[in-house]
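Summary of structural features
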Amino acid sequence: MTDIQVRKLTPGCGAEVLGVDLNQLSNSQMETVRQAYVDHGVIFFRDQTLTPEQHIAFARRWGDIDINKFFPANQQYPEIAEVRKEKAQKTNIGGGWHTDHSYDQVPAMGSILLARELPLEGGDTLFASMYAAYDGLSDGLKKTLEGMRAIHSNAAAFGAGGYYKNTDQGGGFKGENLVGEAVHPVIITHPLSGRKSLYVNPGFTVGFEGWTQEESQPLLQHLFRHAARPEFTCRFAWRDGSIAFWDNRATWHYAANDYHGERRLLHRITIGGEALN
Amino acid sequence: MSQAALKPDAIQVRANPSGFGAEITGLDLSAPLPPATLAAVKQAWADHGVVWFPDQPLSHDALEAFTLQIGPFGVDPFIKPMEGRPHILELRREPNEKAGNFGAGWHSDWSFQDEPPAATLLHAKVIPPVGGNTLYADGTAAYDDLSDVMKKLLDGLTAVHSAALPYGTKGLFAHEQSATHDRTMQIVVSEDADKTHPHPLVRTHPVTGHKALYVSPVYTLGIEGMTQAESAAILSFLYAHMTKDKYVYRHHWRENMLTMWDNRCALHFAEGGYDGHLRVLHRTTVAGDRPR
């Protein structure tokens, strides 16, 4: 058995955890994996052979499974959400920078996404580190953002008049009456790492609490541009057996939509989190 | 009830509907004002930010004397004053002048100074038949209309001011002097202009106690502690906000009109549009206190 290795993908974001079989994880290996997850915000595994049951079992080692209100679930395993794009579909899921579930007052910790069917090329997932984004702010803006809170809403994405309902992914989504919003600090202290992290995202953050839209947008758009700087990101190319496991409190992600005419199916299990402050 | 109705000899103050900007008549500025009249003028200036007195022919002596009734002269750097009149600047643009008109950017006079001028007085000598309006923006109303949470955040910020963009060694006028020589006004580019000076982004008026936005695209370089891009995200919003139509008063000049504005709560902008015509105004400033 080879030794477990943690190798950064880029200096700013993400690490591959190599030399490990998630079906036979020793306690010390689990500890290494846990530390890599805490340190890097998103970790990647290669050449794994998890069945759906094993996928669920691995997820349960991290916490309670959070069943998504909006995503189509796997028929046999309700814990598993299907991130699917058929050959004829043009819209993909997650094709813009976002953080999952930030519209919940108790947002999910993260998701374990496993490749089931991949296009020949394309369909990469990009991640951006919100630790790096926070660290890259000036001291003045860090101080200014402390104490500010932002409003997150899923209406524009999942609501009845929202983005997905009006695309060719519309049929698969559900729960358009479950839309809602939440308020979180703009700068959070990460519950696992204790590090400061920038917690706004273009997918769901609609403004600052107490500010008008007009007041909010210039600073919010600046933060979005800043956080998406290439230095803070990494790009993961999927292969059969690949797994990405990200922390929503430490990263954004973006699903590249560059494989029209091919089918892509990934299985996602989301793990519950805690209130942020 | 106007004061005029109570006292026939009292001044008349006709404010714009917004309350920002007022015309003052019923007085003669060429002679010292009685204490009550002077107090009423100062009150109107504090209340309305910009006041103007039409039909006031004034000699240089009279302009200086009225300025001193408002307060001691300010310090006017970078522009050569009139010969023998160290406190009067002549804002002059010849009919054939091609250089951009002076003051064509939103600013508060000399806001890069430790104690920027409280008032600027501008007396119209020759006014072109077209163009040459001055726009004033109400920094008090613009601040008042912001959300409370944003106000609170802005209250704690410090803006960095400098004369560098127009008057610095790498500034607009330095560049212009190497390119063209047709500006009538003599601008003294100086290393002094490259210095920076911090002021609160929101300033409390020493007389009215009202808070006002105290930043401008001409003299504010950024927000203390923030990068250029971060500062720009906040400042560009504030500039767009405070120069909205509803906060702007467009001032039309007439010869012999004296206008006095409050740099502590108003920005101004000199419009062009009078190429081919002579325009001459004489300017003084009144010293102010350190913004807080």
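Quick caveat: nothing in here was measured; it's all calculated off a predicted structure. (Residues numbered from 1 in each chain as written. Chains lettered and ligands numbered in written order. Predicted model: local features only at pLDDT ≥ 70, side-chain atom pairs only at ≥ 80, totals over all residues.)

1. A closer look at the overall build of chain A
When its secondary structure is counted, chain A shows 6 helices and 16 strands. Whereas a compact globule of 277 residues would reach a radius of gyration of roughly 19 Å, chain A reaches 18 Å, a difference of no more than 12%. Dimensions of chain A along its principal axes, counting C-alpha atoms only, are 55 × 40 × 30 Å. The proportion of buried residues among the 277 residues of chain A is 41%. (Helix = DSSP H or I, 4+ residues; strand = E, 2+ residues; numbered from the N terminus. Rg over C-alpha atoms; globule rule 2.2 N^0.38 Å. Buried ≥ 20, exposed ≤ 12 C-beta atoms within 10 Å, placed from the backbone.)

2. Points about the pairing of strand E8 (residues 149–153) of chain A
Residue and element names in this part refer to chain A. Of the two faces of E8, the one holding Ala150 and His152 is buried and the one holding Arg149, Ile151 and Ser153 is not buried anywhere. Relative to strand E9 (residues 181–185), E8 is paired through 5 bridges, and the arrangement is antiparallel. For alanine 150, the partnering residue across the bridge sits in E9 and is histidine 184. Across 3 bridges, the pairing between E8 and strand E12 (residues 205–208) is antiparallel. Each residue of the ladder has a partner; that of isoleucine 151, found in E12, is glycine 207. (Pairing = 2+ DSSP bridges.)

3. Notes on the pairing of strand E1 (residues 12–15) of chain B
Strand direction decides the pairing type here: E1(B) and strand E2 (residues 22–25) of chain B, joined by 4 bridges, are antiparallel. Counterpart to Gln12(B) in the pairing with E2(B) is Thr25(B).

4. Comments concerning the interface of chain B and chain A
With 18 residues of chain B at the interface, the matching set in chain A holds 14 residues. For the side of chain B that touches chain A, the secondary-structure elements that each account for two or more residues are helix H5 (148–155) and helix H8 (228–242) of chain B. With 6 residues, H8(B) is the single largest residue contributor to the side of chain B that touches chain A. For the side of chain B that touches chain A, the class distribution of residues is 11 nonpolar, 4 polar and 3 charged. (Contact = placed C-beta atoms within 7 Å. Nonpolar A, V, L, I, M, F, W, Y, C, P; charged D, E, K, R; others polar.)

5. Considerations on the sheet that holds strand E15 (residues 251–255) of chain A
Hydrogen bonds between backbone atoms are what pair the strands of a sheet, whose relative direction is either parallel or antiparallel. Residues and elements named next belong to chain A. In spatial order, the strands read E13-E7-E15; together these 3 strands make up an open sheet with antiparallel pairing. Lying at the two open borders of the sheet, with one neighbouring strand each, are strand E13 (233–236) and E15. Pairs of neighbouring strands in the sheet enclose a mean axial angle of 20°, with direction left out of account. Of the pairings in the sheet, the one linking strand E7 (residues 125–129) to E13 comprises 4 bridges and is antiparallel in character. Considered in E13, the bridge of leucine 126 is made with arginine 235. (Axes fitted to C-alpha atoms, helices over the stretch in contact; angles between N-to-C directions.)

6. Looking at the nonpolar core
Soluble globular proteins tend to pack their nonpolar side chains together in the buried interior. Counting 140 residues, the largest nonpolar core has Met130(A), Leu198(A), Ala137(B) and Leu213(B) as its most contacted members. Those residues in contact with Ala137(B), other than ones at most four positions away along the chain, are Trp106(B), Ala142(B), Met242(B), Thr243(B), Tyr247(B), Val248(B), Ala266(B) and Leu267(B). (Core = buried A, V, L, I, M, F, W, Y, C linked by C-beta atoms within 7 Å.)

7. Some points on the environment of Asp114(B)
Along the chain, Asp114(B) turns up in the loop between strand E4 (89–93) and strand E5 (119–126). The spatial distance from the C-alpha of Asp114(B) to the C-alpha of His161(B) is 9.8 Å, given a sequence separation of 47 residues.

8. A look at the sheet that holds E5(B)
All names here are of chain B. Pairing in this open sheet of 7 strands is mixed, and the strands run E1-E2-E3-E13-E5-E15-E4 from one edge to the other. At either end of the open sheet lies a strand with only one pairing partner, and these are E1 and E4. With strand direction ignored, the average angle separating the axes of adjacent strands in the sheet is 20°. Here E5 pairs with strand E15 (residues 279–286) via 7 bridges, running antiparallel. Paired with alanine 119 across the strands is valine 286, a residue of E15. Contacting E5 and E15, helix H3 (residues 60–70) runs over the sheet at an angle of about 35° to E15.

9. Overview of helix H2 (residues 52–60) of chain A
All names here are of chain A. For H2, the full list of buried residues reads His55, Phe58 and Ala59. What you see down the axis of H2 is that its buried residues fit within an arc of 100°, all on one side. Where H2 is buried, its residues contact strand E4 (65–66), strand E6 (110–117) and strand E16 (264–271). (Arc of directions from axis to C-beta.)

10. Description of the confidence of the model for chain B
All names here are of chain B. Chain-level pLDDT for chain B is 93 on average; 95% of the residues reach the 70-or-more range. Taken as a whole, residues 1–6 scores under 50 in pLDDT and shows 7 contacts with residues more than four places along the chain or in a different chain. Among the prediction metrics, the complex's ipTM stands at 0.83, with pTM recorded as 0.88. (pLDDT = per-residue confidence, 0-100.)

11. Comments concerning unusual backbone geometry
Residues and elements named next belong to chain B. Residues other than glycine seldom take positive phi values, yet phenylalanine 78 does so here, at roughly 70°. Mapping phenylalanine 78 onto the fold places it in the loop between H3 and E4. The phi dihedral of tryptophan 110 is positive, around 50°, even though this residue is not glycine. The residue tryptophan 110 is located in the loop between E4 and E5 in this model.

12. Things to note about H3(B)
Within H3(B), burial applies to Leu63(B), Phe66(B), Thr67(B) and Ile70(B). The buried residues of H3(B) occupy an angular sector of 105° when the element is viewed end-on, so they sit on one face.

13. Topic: the environment of Glu117(A)
Residues and elements named next belong to chain A. Inspection of the secondary structure assignment puts glutamate 117 in strand E6. A sequence separation of 85 residues divides glutamate 117 from threonine 32, and the C-alpha atoms of the two residues are 29 Å apart. Once residues within four sequence positions are removed from consideration, glutamate 117 is found in contact with Arg263, Arg264 and Leu265.

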